[in-house]
Structure formats: structure tokens, C-alpha cells
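If you want the building blocks of each chain, they are given just below.
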Amino acid sequence: MSDTHAVGRIVFGVLVAAALVVGAAPAEAQRARSVNEARALRAVLAHRGAGRRWRTIVLHHSATPAGSPQAFEAWHRGHRRFAYGMAYHFVIGNGRGMPDGHIEAGSRWRLQQQGAHVAARLRDERGSSVAAHAIGVCLVGDFERSRPTRAQLASLTRLLRALQRRYGIASNAVHGHGEVHPGHTACPGRALREWQRSG
Ligand SMILES: [Zn+2]
């Protein structure tokens, strides 16, 4: 074996090793990220006592450029006079008011109270109150004028998947606000409606 071959073999070996390390790093990081995301989502979904019988999920936009659970809490409690505070169960931030893609649960979720994100008088096909069984998810943003961020949509997908699995909610029971209350609202905005249709 000539020296040239030996050197070549060593160089080849080093390159293969380097490729393995480079290849492994993103997979490892991805795995770590998934574990962290799953853990974070479990913490977000945690609540006290027995769960409610959730049957549907209703999507909303905040119709504001910025927002956070604290801001909605103040608005709903103060201005709208909702005794139980923020109307939604979950809020997903857009980086303005709270971190982009961050999912936060409100007190109505933690206490398993019904939301105030759909009109109390709305009835479903069984004649029972929609609000009593509908999980309200609000994405911060005005999706008549802008689009949800990539991080928001990724978080929404993960949240929906987790909720649907836990409560046995089929995809056709995930609605935009305007679908459960036709003619009443443009919520959750054009861009989120398009996303729903494409999914
Ligand atoms: Zn809405």
C-alpha cells in the first residue's frame, strides 16, 4: 500500500466522520426540540380537577396587530365585563405582545370553565350549548389584513393535534368562528380560513 493511498484513506475516514457528526447534530437537536415541545405542550394542557366534555374546537383571530393573554384578560374583564376573564382557552402569540408561536392557556382552561368566545345562545345540532363544549383558540393577529406567522401555524397544528387526540375531536369538528355563527363575524380572518381549507 502506498503512502498516498494511506493518506487518502485517512482523509476519507475523517470526511465520513465529519459528515456523520454534522448529520447527527440536527437530528439530535430536532429530537431535543420535540421533547421540549411535547413537555411544554403537556404543561399548557394541564388543568385542575375533572375535565369537561369538549366536543369541538373554535378558532379565532384577535383582530388586533398585537396581543397577549394579559391584554385580552384586561379587555374581557374590564371592557366586556366577563366575570371569568379572558374568553378564550388558549392564545398563540405572534411576537407582538408575547413570543411568536408561544401557546398559553387561560384560567378558563385551567379551571375547565366554558369559554365566552362564541355567543351563549348558539346551539349545536343536538340542541345543546356550543359554548359549553367548545374549546376556544385565539391566534394573535388580524388575518383579514395579514397572515399568521409560520411559528403560529406550527403551534396551532401541534395544539389541535393534541386536543383532538385527547378528546376524540374529529377534524370536521374544528371550526372557524364564522362557521359556527354564520353572518356574524369575519373571524378568524381570511388567511386563517384559507389555511383551514388547505389543511
Ligand atoms: Zn372569533
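Further up the page is the structure itself.
We now turn to the structure provided with this report. This one's a predicted model, so the numbers in the text were calculated from it and none came from an experiment. (Residues numbered from 1 in each chain as written. Predicted model: local features only at pLDDT ≥ 70, side-chain atom pairs only at ≥ 80, totals over all residues.)

Structural notes on the overall build of the protein chain
Step number 1: When helices and strands are counted, the protein chain shows 7 helices and 5 strands.
Step number 2: If you list the helices and strands of the protein chain from N to C, you get α-β-α-β-β-α-α-β-α-β-α-α.
Step number 3: Looking at the protein chain alone, contacts between residues at least 24 apart form 68% of all its contacts between residues at least 6 apart. (Helix = DSSP H or I, 4+ residues; strand = E, 2+ residues; numbered from the N terminus. Contact = placed C-beta atoms within 7 Å.)

Some points on the environment of R42
Step number 1: You can see R42 is positioned in helix α1 (residues 3-45).
Step number 2: In this structure the C-alpha to C-alpha distance between R42 and L159, which are 117 residues apart in sequence, comes to 9.9 Å.

A closer look at the pairing of strand β4 (residues 134-139)
Step number 1: Counting buried residues in β4 gives 6 out of 6 residues, a clear majority hidden from the surface.
Step number 2: Neither face of β4 is open: one carries A134, G136 and C138, the other I135, V137 and L139, and all of them are buried.
Step number 3: Strand direction decides the pairing type here: strand β1 (residues 56-61) and β4, joined by 6 bridges, are parallel. Its bridge partner lying in β4, I57 is registered against I135.
Step number 4: With 3 bridges joining them, strand β2 (residues 90-92) and β4 adopt parallel strand pairing. Of the residues in β4, the one forming a bridge with F90 is V137. (Buried ≥ 20, exposed ≤ 12 C-beta atoms within 10 Å, placed from the backbone. Pairing = 2+ DSSP bridges.)

What to know about the nonpolar core
Step number 1: Y88, F90, V91, I92, A134 and V137 are the most contacted members of the largest nonpolar core, which has 28 residues in total.
Step number 2: Secondary-structure elements contributing two or more residues to this core are β1, β2, α4 (130-133), β4, α5 (150-167) and α7 (190-198).
Step number 3: Broken down by element, this core gets its largest block of residues, 5 residues, from β4.
Step number 4: Those residues in contact with Y88, other than ones at most four positions away along the chain, are H60, F72, G106, G115, H117, G136, V137 and C138. (Core = buried A, V, L, I, M, F, W, Y, C linked by C-beta atoms within 7 Å.)

Structural notes on the pairing of β1
Step number 1: Of all 6 residues making up β1, 5 are buried, and the element is well covered by its neighbours.
Step number 2: As judged from the 3 bridges shared by β1 and strand β5 (residues 174-176), these two strands associate in the parallel manner. By the bridge assignment for β5, L59 is matched with G176.

Concerning the environment of I169
Step number 1: One can find I169 in the loop between α5 and β5.
Step number 2: Apart from the residues lying within four places of it in its own chain, the contact partners of I169 are W54, R55, T56, I57, L163, Q164 and V174.

Purely geometric stuff here, so don't read any function into it on its own.
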